[in-house]
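Tertiary structure, described
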Amino acid sequence: MAGATKWKIYDKAGTYQAACKEVEAAAVLVAFYGDGSTIRSGHSWIMWREGAEETPAAESYEEVARTVTTRAAIRRIVARVPPHDPGAK
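Okay, so let's go over this structure. (Residues numbered from 1 in each chain as written. Predicted model: local features only at pLDDT ≥ 70, side-chain atom pairs only at ≥ 80, totals over all residues. Heavy atoms only, no water.)

1. Details of the side chain of Arg 40
Relative to the helices and strands, Arg 40 is located in strand S3 (residues 38-41). Buried and without a salt bridge, Arg 40 has Asp 11 as its closest oppositely charged side chain, separated by 8.0 Å. Side-chain polar atoms of Arg 40 contact the side chain of Thr 38, separated by 3.1 Å. (Helix = DSSP H or I, 4+ residues; strand = E, 2+ residues; numbered from the N terminus. Buried < 20%, exposed > 50% of the residue type's maximum accessible area, 1.4 Å probe, protein only. Lys, Arg positive; Asp, Glu negative; His and termini not counted. Salt bridge = Lys/Arg side-chain N within 4 Å of Asp/Glu carboxyl O. Polar contact = N/O pair within 3.5 Å; in protein donor to acceptor, adjacent residues only side chain to side chain.)

2. Focus on the packing of helix H1 (residues 23-33) against helix H2 (residues 61-80)
As a packed pair, H1 and H2 sit with axes 8 Å apart at the nearest point and diverge in direction by 115°. Comparing their axes, H2 and H1 come out roughly perpendicular. H1 and H2 meet at a crossing whose hand is right-handed. Along the contact surface, H1 presents Val 23, Glu 24, Ala 27, Val 28 and Ala 31, while H2 presents Tyr 61, Val 64, Ala 65, Val 68 and Thr 69. Across the contact of H1 with H2, the residue classes break down as eight nonpolar, one polar and one charged. (Axes fitted to C-alpha atoms, helices over the stretch in contact; angles between N-to-C directions. Parallel < 35°, antiparallel > 145°, perpendicular 65-115°, else oblique. Left-handed = near helix turned anticlockwise from the far one by under 90°. Contact = heavy atoms within 4.5 Å. Nonpolar A, V, L, I, M, F, W, Y, C, P; charged D, E, K, R; others polar.)

3. Points about the pairing of strand S2 (residues 16-20)
Pairing geometry for strand S1 (residues 7-10) and S2, over four bridges, is antiparallel. Note that in S2 the partner of Lys 8 across the bridge is Ala 19. Hairpin connection from S1 to S2: five residues lie between these consecutive antiparallel strands, with Gly 14 at a positive phi of about 85°. (Pairing = 2+ DSSP bridges.)

4. Quick word on the sheet that holds S3
On the basis of which strands lie adjacent, the open sheet formed by four strands has the order S2-S1-S3-S4 and antiparallel pairing. For this open sheet the edge positions go to S2 and strand S4 (45-49), each flanked by a neighbour on one side alone. Looking at each pair of strands side by side, their axes are set apart by 30° on average, direction ignored. Pairing geometry for S3 and S4, over four bridges, is antiparallel. Counterpart to Arg 40 in the pairing with S4 is Ile 46. Contacts from H1 reach S1, S2, S3 and S4, with the element oriented near 0° to S1. Of the strands in this sheet, S1, S3 and S4 touch H2, which is tilted by about 155° from S4.

Listed below in structure tokens is the structure:
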């Protein structure tokens, strides 16, 4: 059975364009759609915004994959950490 597509690609207008199972495939698409296009985890968290990053996606799909997977891992960790309550003992 095929797994769910995790990575969603939006163009610069914010229109949902595609879904990918592999980050490298998503990188190809944001390189194609150009500045302002995004790779999102699901339909919400932006993990890559083409044109705002140090390196364009077309220069290194592997770099996009490393950056996106690292940001997604950090996001999952942060989601599990309860908010700080200064009044808690």
